[in-house]
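# Notes for the structure review
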Amino acid sequence: MQERLFTPGPTEVKAELLNELSRPQIHHRTEEFVQLYDSIQYYLKKLLFTENPVLLFTSSSTGAMEAAVTNGVKKRCLNLVNGAFGDRWHEIAVMNGVPCDKLEIEWDKAIRPEQVDEALATGKYDAVTLVFNDTSTGILNPLPEIAEVVRKYDDVLFFVDAVSAMGGVEIRVDEWGIDMCLAGLQKAFALPAGLAVASVSERLLARAREVEPRSYYFNLPLMYKYHLQSQTPATPPIPLMFALRKQLEEIVEVEGIENRFRRHQEMAAVVQEWALKYFDIYPEKGYWSPTITCVSNTRNISVADLNRELVNKYACRIASGYGKLKEQTFRIAHMGDLNLIDIRGLLAAIEDILGL
Ligand SMILES: *Cc1c(COP(=O)(O)O)cnc(C)c1O
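Predicted model, so just to flag it, every value in this text is computed and none were measured.

All right, on to the layout of surface pockets then. By volume, the largest pocket is sized at about 270 Å³. Looking at the largest pocket, it is lined by 20 residues, and the ones nearest its centre are P8, G9, F85, K187 and Y322. Elements that contribute at least two residues to the lining of the largest pocket include exactly helix 3 (61-71) and helix 4 (84-95). Top element by residues in the lining of the largest pocket is helix 3. It accounts for three residues. In terms of residue class, the lining of the largest pocket is built from seven nonpolar, nine polar and four charged.

Now the structure itself:
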């Protein structure tokens, strides 16, 4: 039986979107491609409430994270870390030789605007990275409040990893002043992996032109030059672009952006209530993610056994804890195109297996 994914990437992909992947191939230097590119632009700008261009990266989200710090840091970058993906962004900066520091707090706590303010007040930084929704811990960091602090510092660029939030949670790029807001397709967009998208501000492009280029493939000014002609510098994954166009039409025109965000909140509420009844929730209250719940394994069950039985008996898969939280937690994704029936069915299956 086909396995259903309740994992925080890759997520379940609807058959009608998979069908888009098998459309006849088009050439990427044609008018047809330009139209495909333009309609993706149109919808992504709506989804992100932005006038900024949204560039396409032929990579998973990690590639776009790398592009942010290799292009956008002249002086020094502050990496905010309260989970595995925040930590990854710091590692990326370090490996690329980008001057940076990490501000790390406990992984079950949200990052506070005051902590960011204090660090930026030193005047050491011209860029800051934040993971909006850290998928390893199920925390939604208070992005609007942190953005307000970052905006006080004129020369500090703000990069946001919205990988497991974009398409499931409201993000107001222009109002909040986000210079780069990025995500891959295999999370809340509910598409296969291989393409990442990122809005890019004029300030970031100006900075990138001043920085000694650190990358050819992820060179933002070069990508922008092609963007102006609705093109990409290298050959893009055209099948994924067909699927993305279709999914954006669904999100914006059929379901409606607000309805989609509300559906995610409703699914999250059901999982949170369940988790509190039988287990506990890993992050502090008030910052629980609308797209993923990280459940504390207070009953000391074997997460590996649970997942094996879920797969064998019910053809469903959840995720174990991430990295150092592997057996201490397990994670249920409620993102993408899943609905309340799917979620209630999964929880009933877990109850059956665990005899709850
Ligand atoms: C999945 C994920 C990433 C990495 O994504 P890839 O597409 O595997 O490169 C980065 N950040 C967050 C928050 C994620 O959930």
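The next thing to look at is the site of the ligand. Around the ligand sit 14 residues in total, of which S60, T62, T135, D161 and K187 are the nearest. Q186 places a side-chain nitrogen or oxygen 2.7 Å from an oxygen atom of the ligand. At a threshold of 2 Å from the grid points, most atoms of the ligand map onto the largest pocket. Sorting the residues of the shell around the ligand by element identifies helix 3 and helix 4 as the ones contributing at least two each. Top element by residues in the shell around the ligand is helix 3. It accounts for three residues. Of the residues belonging to the shell around the ligand, the class tally is four nonpolar, seven polar and three charged.

Once that is clear, we can look at the sheet that holds strand 12 (residues 292-296). Spatially, four strands are ordered 11-12-15-14 in an open sheet, and the strand pairing comes out antiparallel. Each edge of the open sheet is held by one strand with a lone partner, namely strand 11 (280-281) and strand 14 (319-320).

Between helix 5 (residues 113-120) and helix 6 (residues 143-151), the shortest axis-to-axis distance is 9 Å and the interhelical angle comes to 20 degrees. What the angle tells us is that helix 5 and helix 6 run roughly parallel. As for how helix 5 packs across helix 6, the hand of that crossing is right-handed. Contact with helix 5, carried on its side by P113, V116, D117 and L120, involves E145, I146, V149 and V150 of helix 6 and no other residues of that element. For the contact of helix 5 with helix 6, the class distribution of residues is six nonpolar, no polar and two charged.

Moving on, we come to empty space enclosed by the protein. A full pass over the atoms with the stated rule returns one cavity of 30 Å³ or more. In this structure, the largest cavity spans a volume of roughly 30 Å³. Looking at the largest cavity, the residues that line it are Y37, L55, L56, M223, H227, Q231, T232 and P233. Broken down by secondary-structure element, the contributors of at least two residues to the lining of the largest cavity are strand 2 (54-57) and helix 9 (220-227). Here the lining of the largest cavity is composed, by residue class, of five nonpolar, three polar and no charged.

On to helix 2 (residues 31-48). When the terminal C-alpha atoms of helix 2 are compared, their 26 Å separation across 18 residues agrees well with the 26 Å that a helix rising 1.5 Å per residue should span. For helix 2, the complete set of buried residues consists of F33, V34, L36, Y37, S39, I40, Q41, Y43, L44, L47 and L48. Against strand 2, helix 7 (173-176), strand 10 (196-200), helix 9, helix 10 (238-255) and helix 11 (257-278) lie the buried residues of helix 2. Once helix 2 finishes, F49 follows within two positions and takes phi at roughly 50 degrees, a positive value.

Reading guide: rules and limits
Counting starts from 1 at the beginning of each chain's written sequence and moves along it residue by residue. Totals for whole chains, interfaces and linings use every residue, but because this is a predicted model, local features are given only for residues with pLDDT of at least 70 and side-chain atom pairs only at 80 or more, for both listing and counting. Note: side-chain values were computed over all heavy atoms of the structure, leaving out hydrogens and water. The way it works is a 1 Å grid over only the protein atoms, where trapped points that fit a 1.4 Å probe form a cavity and open points with protein on both sides within 12 Å along at least five of seven lines form a pocket, and then any residue with an atom within 4 Å of a point lines it. Grid points are joined across faces, edges and corners, and a volume is the space filled by probe spheres set on the points. Helix and strand labels come from DSSP, where a helix needs a run of H or I of at least four residues and a strand needs a run of E of at least two; each type is numbered from the N terminus. Any residue outside Ala, Val, Leu, Ile, Met, Phe, Trp, Tyr, Cys, Pro, Asp, Glu, Lys and Arg is labelled polar, Gly included; the first ten of those are nonpolar and the last four are charged. We call a residue near a molecule or strand as soon as one heavy atom of that residue lies within 4 Å of the molecule or strand. Polar contacts here mean pairs of N or O atoms no more than 3.5 Å apart (in protein, one a potential hydrogen donor and the other a potential acceptor; neighbouring residues in sequence count only if both atoms are side-chain atoms). Placement in a cavity or pocket follows one criterion, namely that more than half of the molecule's atoms lie within 2 Å of its grid points. Strands were regarded as paired on the criterion that DSSP finds at least two bridges between them. Under this scheme, a helix contributes an axis fitted over its contacting stretch, all axes are lines through C-alpha atoms, and angles between N-to-C directions fall in the 0 to 180 degree range. Geometric relationships in this document are graded by angle, where less than 35 degrees denotes roughly parallel, more than 145 denotes roughly antiparallel, 65 to 115 denotes roughly perpendicular, and other angles denote oblique. Here is the rule for handedness: rotate from the far helix to the near one, and if that takes an anticlockwise turn smaller than a right angle the crossing is left-handed, while a clockwise turn gives right-handed. Contacts are assigned to residue pairs that have any heavy atoms within 4.5 Å of one another. To estimate the expected span of a helix, subtract one from its residue number and multiply by 1.5 Å. The buried label goes to any residue with under 20% of its type's maximum accessible area, the exposed label to any with over 50%, and the partly exposed label to all in between, with areas taken from a 1.4 Å probe on protein chains only.

Without other data, these values stay purely geometric and don't point to any function.
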